[in-house]
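# Fold and contact review
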2 protein chains.
Amino acid sequence: MKSKDLTFEEYVGRVTDFHGGVDPDMIAGWFMSDLAKQNLPNGDSLEAICETAHCLPDAVQILTPCTIGNGMLKIADTGRFAITLFEIKKGEGIRVFLDLTKLDIWPEIRCWFLKEKPRHKQDLNMVIEELKEAETSIYSLERVKIKPEILEAKRKNTSAIRPCPSCGEAFRTELGDLCPACRGKGPYIER
Amino acid sequence: MKSKDLTFEEYVGRVTDFHGGVDPDMIAGWFMSDLAKQNLPNGDSLEAICETAHCLPDAVQILTPCTIGNGMLKIADTGRFAITLFEIKKGEGIRVFLDLTKLDIWPEIRCWFLKEKPRHKQDLNMVIEELKEAETSIYSLERVKIKPEILEAKRKNTSAIRPCPSCGEAFRTELGDLCPACRGKGPYIER
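Residues numbered from 1 in each chain as written. Chains lettered and ligands numbered in written order. Predicted model: local features only at pLDDT ≥ 70, side-chain atom pairs only at ≥ 80, totals over all residues.

## Examining the pairing of strand β1 (residues 46–50) of chain B
All names here are of chain B. Quick reminder of the rule: With C-beta atoms placed from the backbone, a residue is labelled by how many other C-beta atoms lie within 10 Å of its own: buried for 20 or more, exposed for 12 or fewer, partly exposed between the two. Helix and strand assignments follow DSSP, with helices taken as H or I runs no shorter than four residues and strands as E runs no shorter than two, numbered in order from the N terminus. Two strands qualify as a pair provided that DSSP identifies no fewer than 2 bridges between them. When the strands point away from the viewer, a crossover counts as right-handed if the route from the first strand across the helix to the second turns clockwise.
Of all five residues making up β1, five are buried, and the element is well covered by its neighbours. In this structure, β1 lies alongside strand β3 (residues 82–87), joined through five bridges in antiparallel fashion. Note on β3: the bridge partner recorded for Ala48 is Leu85. Where β1 meets strand β2 (residues 73–75), three bridges bridge the pair, whose relative direction is parallel. Pairing of Ile49 across the sheet is with Lys74, part of β2. For the crossover from β1 across helix α3 (residues 56–63) to β2, the handedness is right-handed.

Below you can see the structure in the form of structure tokens.
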């Protein structure tokens, strides 16, 4: 895997610049990416899945070649705090998740992770310190196999392009006769 | 707007490192982001929408403070080649799109944009040269107002977290009694 190899300090710098600030999720993302990478076979055709859209995708984008725009990072929102790196030919990979059963000796992490206090009442710097001290000890790994429909979704991205008869803008014809925006499914209020 | 101010050469370097290579979409993304930023009022609470998941989100992530992981970039897939920067309080913004009606004098861009030839039969370097020469002349702008449900989706991200009774992992309770993965909606094949 071509890796964006960074030291921890370089990573923190990138997080500040790219993500806008260093929060506990991004520190966890460092150790989770590290664990996933260490346990994968070598190969050039690796991709990633994040099981939450919150923060973790940015750790993956900074630390691996997988980004949203290059199609190598997918978000499959199960609401769980986990990332997976997988080899696309076989669809086999390593899933890393923050393991609740390993948090008994880390009260600040546990409180943050389970939102036991409102965010503004928790000292995030203490959470970050515990995350750094715990290193990779609070995560668990499992081998996973990716659903074929997820692997195939990318290979099929060959849709033709033509102008929408309503707005006149070019769009992917696979999405219908009119573009989704002209069918009321765009993000804007109609005028 | 706190901006990731880069020169074009610095941007190309970041694209190579982050996105994995410089393609026409990423060059278009440079000019589109520039146009959107120039036409927005100043403000610190700007966010972005990409109307495609293909490439353009990476241009936005490199050139603006908006990323997938920090929640300031949303993908609303209308299949159109457009980005929007908007002010979150009023929900008003500037949408920039590649304008088909402006492509008559740019045959390489037109051929690439409408996929008139298979990708492997088109010289992408010539497309990139035309995109650089055309600068911002091939895009159009419109003022848009963002749907309230999109603006509110972020504000409501306060879901409680608890362990899934099936897998034991913590997940956002708003997603159901069991986590989506334990309801067959995860990205992995069950074992």
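Okay, back to it.
## Remarks on the domain arrangement of chain A
Definition in use: These domain limits were set by an automatic method or by a database of domain assignments.
Per the domain assignment, the segments making up chain A are domain 1 (8–155) and domain 2 (160–191). Computed from C-alpha atoms alone, the centre-to-centre distance between domain 1 of chain A and domain 2 of chain A is 35 Å.

## Re the confidence of the model for chain A
In plain terms, the rule: The pLDDT score gives, residue by residue, the confidence of the prediction method on a 0 to 100 scale.
Mean pLDDT over chain A stands at 92; residues scoring 70 or higher make up 94%. Here the complex is predicted with pTM 0.93, and the ipTM for its interfaces comes to 0.93.

## Examining the relation of the copies chain A and chain B
Quick reminder of the rule: C-alpha atoms of residues with pLDDT of at least 70 in both copies form the basis for the least-squares superposition of the copies. Remark: residues whose backbone-derived C-beta atoms lie within 7 Å of one another are considered to be in contact.
Mapping chain A onto chain B calls for a rotation angle of 180° and an axial translation of 0.0 Å; the resulting RMSD is 0.0 Å. Such a combination of turn and shift is consistent with a two-fold rotation axis. Nearest to the rotation axis, the C-alpha of Ile68(A) is located 3.9 Å from it, this being the minimum over chain A. When the interface residues of chain A are mapped onto chain B, 100% of them again lie at the interface, so the same face is used by both copies.

## Considering the interface of chain A and chain B
To keep it simple, the criterion reads: Polar here means any residue outside two lists: the nonpolar Ala, Val, Leu, Ile, Met, Phe, Trp, Tyr, Cys and Pro, and the charged Asp, Glu, Lys and Arg; Gly therefore counts as polar.
On the side of chain B, 45 residues touch chain A, which itself brings 45 residues to the contact. Secondary structure elements with two or more residues in the side of chain A that touches chain B: α1 (8–19), α3 (56–63), β5 (139–145), β6 (161–163) and β7 (170–172) of chain A. Residue composition of the side of chain A that touches chain B, by class: 29 nonpolar, nine polar and seven charged.

## Comments concerning the nonpolar core
Here is the rule we go by: Nonpolar core, as used here: buried Ala, Val, Leu, Ile, Met, Phe, Trp, Tyr and Cys residues forming one set through C-beta atoms within 7 Å.
By size, the foremost hydrophobic cluster in this structure holds 105 residues, and its most contacted members are Ala48(A), Val60(A), Ile83(A), Ala48(B), Val60(B) and Ile83(B). Setting aside residues no more than four positions away along its own chain, Val60(B) makes contact with Gly29(B), Ser33(B), Ala48(B), Cys50(B), Cys66(B), Leu73(B) and Ile83(B).

## Some thoughts on the sheet that holds β1(B)
Residues and elements named next belong to chain B. How we decide: Under this scheme, a helix contributes an axis fitted over its contacting stretch, all axes are lines through C-alpha atoms, and angles between N-to-C directions fall in the 0 to 180 degree range.
Reading across from one edge, β2-β1-β3-β4-β5 is the order of the five strands in this open sheet, with mixed pairing throughout. Of all strands in the sheet, those bounded by a partner on one side alone are β2 and β5 (139–145). Taking the axes of each pair of neighbouring strands and ignoring which way they run, one obtains an average angle of 20° across the sheet. In terms of strand pairing, strand β4 (residues 92–98) meets β5 through seven bridges, oriented antiparallel. Bridge pairing links Val96 to Leu141 in β5.

## Brief notes about α3(A)
Because an α-helix completes one turn every 3.6 residues, residues spaced three or four positions apart along the sequence face the same direction. Residues and elements named next belong to chain A. Here α3 lies mainly inside the structure; eight of its eight residues are buried. Of all the positions in α3, only Leu56, Pro57, Asp58, Ala59, Val60, Gln61, Ile62 and Leu63 are classed as buried. Among the structural elements, α1, α2 (24–38), β1 (46–50), β2 (73–75) and β3 (82–87) are those in contact with the buried residues of α3.

## Structural notes on the sheet that holds strand β4 (residues 92–98) of chain A
As a general point, the strands of a sheet are linked pairwise by backbone hydrogen bonds and lie either parallel or antiparallel. All names here are of chain A. A sheet is described by the order of its strands in space; here five strands give the open sequence β2-β1-β3-β4-β5, paired in mixed fashion. Pairing within the sheet leaves two strands with one partner each, and these edge strands are β2 and β5. Within this sheet the neighbouring strands show an average axis-to-axis angle of 20°, counted without direction.

## Things to note about unusual backbone geometry
Positive phi outside glycine occurs at Cys55(A), with the angle close to 65°. Assignment of secondary structure puts Cys55(A) in the loop between β1 and α3. Unlike most non-glycine residues, Glu135(B) shows phi in positive territory, near 50°. In this fold, Glu135(B) is placed in the loop between α5 (124–134) and β5. Given 12 C-beta atoms within 10 Å, Glu135(B) falls into the exposed group.

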